[in-house]
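Coordinate analysis (summary)
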Amino acid sequence: MTTRKIFKIIAIFIAIIIGVILLLIAFVWGSFEWNRYSKKKEAIRMQKEVCDTITNVEGKFSIYLGGFAKKELKEIHFYLQQNKLLAKDTVVSAEPNDRVELQTVIMPFENFNVNDKLIVYIGKRYYVLWGFSYTAGYNYGMFGPVGPCECRGGSYEKINGKDAGSGTLIKKYGLIDYQLPPK
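Residues numbered from 1 in each chain as written. Predicted model: local features only at pLDDT ≥ 70, side-chain atom pairs only at ≥ 80, totals over all residues. Heavy atoms only, no water.

Moving on: the sheet that holds strand β4 (residues 85-92). Taking strand neighbours across the sheet as the criterion, the 6 strands line up as β4-β3-β7-β8-β9-β10 in an open arrangement whose pairing is antiparallel. In this open sheet, the two strands that pair with only one neighbour each are β4 and β10 (162-163). In terms of strand pairing, strand β9 (residues 144-159) meets β10 through 2 bridges, oriented antiparallel. Residue pairing for β10: Ile159 is matched across the bridge by Lys162. Against the sheet, helix α1 (residues 3-49) contacts β8 (125-141) and β9, and its axis sits at roughly 140° relative to β8. (Pairing = 2+ DSSP bridges. Helix = DSSP H or I, 4+ residues; strand = E, 2+ residues; numbered from the N terminus. Contact = heavy atoms within 4.5 Å. Axes fitted to C-alpha atoms, helices over the stretch in contact; angles between N-to-C directions.)

Here is the structure:
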């Protein structure tokens, strides 16, 4: 055997190994992409068939507050408006945390309709929240989704008649001259 044939055999062997490695990489990458695609399709189906049909909110959710002083967080009034009348009201206080910019308060009402309005009075300002929605999503681990798709309590779509954006109640956007509906 000549050195030329030996190099030719080694080159063919290396090409086959590189080809197998590239095939394995393509298979793994294709598997991840297919998994991502199928999970996205499942989340869209879950959103349309399940999450968009939920009519009652169950559970307590966080509401984020921005720009309020510590003394304003001591007394936060919550009103639940069903149809055109106030159905429930309560007063809570938030524990100010100096380490974070946004403060968190837990919504005091556990069960209500997604079409009911929540009115929050804090710092001499009113915030009218409505259009509560659920979103379909997964819990993500280190290598992608873990567990089944589920409906999570999203947030309010409207705050004071405008799109909610991040859903944070910011002091400067509160209503000062707002008349509460009757009980």
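Spatial ordering of the open sheet is given by β5-β2-β11, a layout of 3 strands whose pairing is mixed. Strand pairing shows two members of the sheet lacking a second neighbour, β5 (103-106) and β11 (169-170), which therefore form its edges. With 4 bridges joining them, strand β2 (residues 62-66) and β5 adopt antiparallel strand pairing. What sits directly across from Ser62, in β5, is Ile106.

Let's shift gears to the packing of aromatic side chains. Taken as a whole and judged by the stated rule, the model has 7 aromatic pairs. Aromatic pair Phe112 and Phe132: ring centres 6.3 Å apart, planes at 75°, arrangement edge-to-face. You can see Phe112 sitting in strand β6 (residues 111-113) and its partner Phe132 sitting in strand β8, a full 20 residues away along the chain. When the centroid spacing of 5.4 Å and the interplanar angle of 50° are considered together, the rings of Tyr126 and Tyr178 count as tilted. Highlighted residues: Tyr126 in strand β8 and Tyr178 in the segment after β11, separated in sequence by 52 residues. Classification of Tyr126 as buried rests on a relative accessible area of 13%. Of the residues examined, Tyr178 reaches a relative accessible area of 23% and is grouped as partly exposed. One cation-aromatic arrangement involves Lys117 over Trp130; the distance from NZ or CZ to the ring centre is 4.8 Å. (Phe/Tyr/Trp six-rings, centres within 6.5 Å; stacked < 30°, edge-to-face > 60°. Buried < 20%, exposed > 50% of the residue type's maximum accessible area, 1.4 Å probe, protein only. Lys NZ or Arg CZ within 6 Å of the ring centre and 35° of its normal.)

A negative phi holds for most residues other than glycine; trans holds for most peptide bonds. Here Asn83, not a glycine, exhibits a phi torsion of approximately 60°, which is positive. For Asn83, the position within the fold is in the loop between β3 (76-82) and β4. On the basis of relative accessibility, which here comes to 73%, the residue Asn83 falls in the exposed class. In this structure, Lys124 is a non-glycine residue whose phi angle is positive, near 60°.

In this structure the tally under the stated criterion is 1 disulfide. A sulfur-sulfur distance of 2.0 Å marks the disulfide that ties Cys51 to Cys151. The S-S bond linking Cys51 to Cys151 shows a torsion near -100°; that makes this disulfide left-handed. Within this pair, whereas Cys51 is found in the loop between α1 and β1 (56-58), its partner Cys151 is found in strand β9, the two being separated by 100 residues in sequence. Looking at Cys51, the relative accessible area reads 3%, which means it is buried. A relative accessible area of 24% places Cys151 in the partly exposed class. Looking at the unpaired Cys149, the closest cysteine sulfur is the one in Cys51, lying at 6.5 Å. (Disulfide = S-S within 2.5 Å.)

Take it as geometry only, folks, not as evidence of what the structure does.
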